[in-house]
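Structural overview for review
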Amino acid sequence: MKFPVFEVYYGIMRFSEKPYIIIGSGIAGLYTAIKLSEKTAKQVLLITKSDLRESNSRYAQGGIVGVLPENTQDSVALHVKDTLKAGAGLTDKDVAEFISKKSAESISDLIQYGVKFDRASDQQIELTLEGAHSTRRILHSGGDATGRNIERTLSDKVESNPRIQIYRKTVAVDLLVDSEKTCRGVIVLDETTGEYETIYSSAVIIATGGAGQVYSNTTNPSIATGDGIVLAYRAGATVQNMEFIQFHPTALNFEENGSRFLISESVRGEGAKLKNLDGEYFTDSLAPRDVVTRAIFFEMQEKGYDYVLLDATCLPEEQIKARFPNILNVCLEHEIDIIREPIPVSPAAHYIMGGIKTSVHGETSIKGLYSVGEAACTSFHGANRLASNSLLECVVVANELAETLSKQDISILLNKDCQINCLISQYEKNHFDLPQEVLKLKKTLRETMWKKAGIVRDEQGLKEALKIINELKLDFDQEYKCRNLEEYEFRSLLTVAELIIRSSLLRKESRGAHFREDYPETKDEAHNSYLSKESICIPSTIHW
Ligand code: FAD
Ligand code: SIN
């Protein structure tokens, strides 16, 4: 008989104060740090649970939207029109106009910081096309390495800035919110030393990215576990539209380290076409993402396929080599020569349109707490994000947030009210726990979400999923202090899964990326959905 191993670990807590804390080192976090440092000349602390350069941002391929004055084919009005159409009634027009108008300025900023966007031989910026854009307006860098190049440029800038302090391999585990609903700081765990630190601050900014890892098929790397959304939700902030998950139509049909390599929509933008295994074209390859994804899903279901084919062999060899060098190489590693043969692809979870409800300046429903990037929901993307609008939103909102904060008082109030003290004490306690089989629990969670709360949903499947998530919660039973990063990430995934399911159950219609087989119609009136900690206990108080 195997006896359970009891582990003992001790609560070592350090205390400190910083004017500004940014959690996350993707493009949203890095850009906010740079702008804050420029606008305020104050010390900024940037915390990241992985290496500085690991994030969703790093893998962005297609590019970033820019409505450039020299592009006579484009205008703010046209970009807004496309964004609203993709958003299926839930994009806020004012937000879309605001972000679109600021796009040219943000692109100039990135160029000034050193980002090299691809240019034609006459030095004009090259623009590509993606699904549901009515004209070419997407800037790219290094062919298909836009995210990596922007991330690298911004990371270099952050690392060489003495006013930006970086905590690497440090995970934010809870926010300090007092009884007046004001955020006073954050508790973090240094994964290397195992030490906890309570950091008081006048402004905590969540830039922790998305939650693709909640699904067994995803283009997102392992860091994308929805931590920031859960930190905010646990602290009482309002989260919005959590049912809207974007499933990208074309992920390479191989899994590596829990994630799948993306075949950019811009490959279709440049002329590649989707075919079934009998060589038939079955969908408009450049329709909005949700439409193409469902077309693939039903084609696979009907014909019993594991994947469909993306045929780029019609593109000139030189164009593939210049525009998609990364995709070409990764496919070659899987023995697929995309110049000569079609690529096996299938849909995968890619982006979360919902998140922490914020204004276009990054303000949340909690004073002192801000959010930017994929973790936030400004209502720009609505029910379905237009390709390459995410990186644009990251930089525009980051700049607005830094501007807003630069005008505010930054006195740090060392509020030690009971609510905060109680929370800190949870992380100071010694724990005597059974080791958890997190890997196994995580596999069950991710597969359940894919099968029952994925591309096509219905009430029965969603309720079954909720039951399984609740059972996993009972098995895991770690509400506060966990042993390591893996457990903290699983703690987040459990709550993100629950939020997605509950929001999906509440939306009894199909809209954008949310497709209910039992409610296939779209209602005439469009409403956002909101959840907060209080409302989830009493479903009747959820407002629409
Ligand atoms: P991220 O870049 O994901 O960064 C999150 C950061 O937070 C990471 O540093 C992470 O380690 C850190 N973190 C998370 N939790 C914690 C915690 N608890 N404590 C401390 N740190 C934490 N969008 C486009 O507009 N154009 C594209 O071409 C494009 N292509 C894409 C391709 C792929 C493969 C993927 C996955 C996404 C793509 N997207 C694209 C979407 C876009 O990349 C992301 O939405 C965007 O980069 C998110 O940036 P972010 O800064 O908000 O988050
Ligand atoms: C892609 O290149 O297909 C991804 C673009 C995006 O998610 O915006």
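Residues numbered from 1 in each chain as written. Chains lettered and ligands numbered in written order. Predicted model: local features only at pLDDT ≥ 70, side-chain atom pairs only at ≥ 80, totals over all residues. Heavy atoms only, no water.

1. Observations concerning the overall build of the chain
Filter applied, for reference: In this description a helix means any DSSP run of H or I spanning at least four residues, a strand means any run of E spanning at least two, and both kinds are numbered starting from the N terminus. Contact definition: two residues touch when any of their heavy atoms are within 4.5 Å. All accessibility values rest on the Shrake-Rupley procedure with a 1.4 Å probe; residue burial counts only the protein chains present in the view. Counted as positive: Lys and Arg. Counted as negative: Asp and Glu. His and the chain ends are not counted at all. Think of each charge as sitting on NZ of Lys, CZ of Arg, CG of Asp or CD of Glu.
For the chain, the count of helices and strands is 16 helices and 21 strands. Over its C-alpha atoms, taken along the principal directions, the chain stretches across nearly 65 × 60 × 50 Å. Taking the intrachain contacts of the chain between residues at least 6 apart in sequence as the baseline, contacts between residues at least 24 apart amount to 74%. Summed over all atoms, the accessible surface of the chain reaches about 21,300 Å², with 50% contributed by carbon and sulfur. Side-chain charges of the chain comprise 63 positive and 77 negative groups, with the mean position of each set lying 2 Å from the other.

2. Some remarks on the confidence of the model for the chain
The condition that has to hold: pLDDT is a per-residue confidence score from the predictor, ranging from 0 to 100.
Per-residue confidence for the chain gives a mean pLDDT of 93; residues scoring 70 or more make up 94%. Scored below 50 in pLDDT, residues 1–10 makes 21 contacts in the model with residues more than four places away or belonging to other chains.

3. Notes on the sheet that holds strand S6 (residues 138–139)
Rule in force here: The pairing criterion for strands is at least two bridges between them, as found by DSSP.
On the basis of which strands lie adjacent, the open sheet formed by three strands has the order S4-S6-S5 and antiparallel pairing. The two strands at the open ends of the sheet, each matched to only one other strand, are strand S4 (64–65) and strand S5 (127–128). Where S4 meets S6, two bridges bridge the pair, whose relative direction is antiparallel. Looking at S6, one finds that Ile-64 is bridged to Leu-139.

4. Remarks on the nonpolar core
Quick reminder of the rule: Here, nonpolar core means buried Ala, Val, Leu, Ile, Met, Phe, Trp, Tyr and Cys residues that are tied together by side-chain atoms lying within 4.5 Å of each other. Burial classes: relative accessible area under 20% of the type maximum marks a residue as buried, over 50% as exposed, and values in between as partly exposed (1.4 Å probe, protein chains only).
Formed by 72 residues in total, the largest nonpolar core has its most connected members in Leu-175 and Leu-445. The contacts of Leu-445, once residues within four sequence positions are left out, are Val-214, Ile-469, Leu-472, Phe-490, Leu-493, Leu-494 and Ala-497. Tyr-20, Leu-52, Val-115 and Ala-203 belong to the second-largest nonpolar core, a separate cluster that totals 52 residues.

5. Details of the layout of surface pockets
So the rule is basically this: Put plainly, a pocket is an open set of points on a 1 Å grid over the protein atoms alone with protein on both sides within 12 Å along at least five of seven lines, a cavity is a set where a 1.4 Å probe fits but cannot get out, and a lining residue has an atom within 4 Å of a point. Grid points are joined across faces, edges and corners, and a volume is the space filled by probe spheres set on the points. Classes in brief: Ala, Val, Leu, Ile, Met, Phe, Trp, Tyr, Cys and Pro nonpolar; Asp, Glu, Lys and Arg charged; the others, Gly included, polar.
A volume near 470 Å³ is recorded for the second largest pocket. Lining the second largest pocket are 20 residues, with Phe-297, Met-300, Trp-450, Lys-451 and Ile-455 positioned closest to its centre. Elements with a minimum of two residues in the lining of the second largest pocket: helix H8 (289–303), strand S16 (343–352) and helix H13 (438–452). Classifying every residue of the lining of the second largest pocket by side-chain character gives seven nonpolar, six polar and seven charged.

6. Here's the deal with the side chain of Ser-57
Here Ser-57 is to be found in the loop between strand S3 (44–47) and S4. With a relative accessible area of 11%, Ser-57 lands in the buried category. Dropping the residues within four chain positions of it, Ser-57 is found in contact with Gly-26, Ile-27, Gly-147, Arg-148 and Glu-151.

7. Here's the deal with the site of ligand 1
To keep things clear, this is the line we draw: In this text, near means that some heavy atom of the residue lies within 4 Å of the molecule or strand in question. The definition of a polar contact used here is a pair of N or O atoms within 3.5 Å, where within protein one atom must be able to donate a hydrogen and the other to accept one, and adjacent residues in sequence count solely through side-chain atom pairs.
Around ligand 1 sit 39 residues, and of these Ser-57, Gly-63, Glu-374, Ser-390 and Leu-391 come closest. Take Ala-172: an N or O atom from its main chain is 3.0 Å from a nitrogen atom of ligand 1. Compared with its free state, where it exposes 1,000 Å², ligand 1 has 99% of that area covered by protein. The set of elements that each furnish at least two residues to the shell around ligand 1 consists of helix H1 (27–40), strand S8 (170–177), S16 and helix H11 (389–406). The dominant element in the shell around ligand 1, judged by the number of residues it contributes, is H11, at four residues. In the shell around ligand 1, the residues fall into 14 nonpolar, 20 polar and five charged.

8. Quick notes on helix H6 (residues 227–234)
Burial of H6 is extensive: eight of the eight residues sit out of reach of the surface. Within H6 the residues assigned to the buried category are Asp-227, Gly-228, Ile-229, Val-230, Leu-231, Ala-232, Tyr-233 and Arg-234. Gly-236, located one to two residues past H6, shows a positive phi value of around 105 degrees.

9. A short note on helix H4 (residues 103–113)
Heads up, the condition is: Directions pointing from the helix axis toward each C-beta atom define the arc.
Taken together, the buried positions of H4 are occupied by Ser-103, Ser-106, Ile-107, Asp-109, Leu-110 and Tyr-113. Along H4, the residues classed as buried sweep out an arc of 155 degrees about the axis, all on the same side. Looking at the buried positions of H4, the neighbouring elements they touch are H1, S4, helix H3 (93–101), S6, helix H5 (146–159) and H11. Looking at the residues trailing H4, positive phi occurs at Gly-114, about 120 degrees.

10. Observations concerning the sheet that holds strand S19 (residues 376–377)
Reading across from one edge, S19-S17-S11-S21 is the order of the four strands in this open sheet, with mixed pairing throughout. The open sheet has two edge strands with one neighbour each: S19 and strand S21 (530–531). Here two bridges tie strand S17 (residues 355–357) to S19, and the two strands are oriented parallel to one another. Note that in S19 the partner of Lys-357 across the bridge is Cys-377.

11. Considering the environment of Gly-362
Relative to the elements of secondary structure, Gly-362 occurs in the loop between S17 and strand S18 (369–371). Between the C-alpha atoms of Gly-362 and Ala-453, which are 91 residues apart in sequence, the distance is 29 Å. Excluding residues within four positions of it along the chain, Gly-362 makes contact with Leu-369, Tyr-370, Ser-371 and Val-397.

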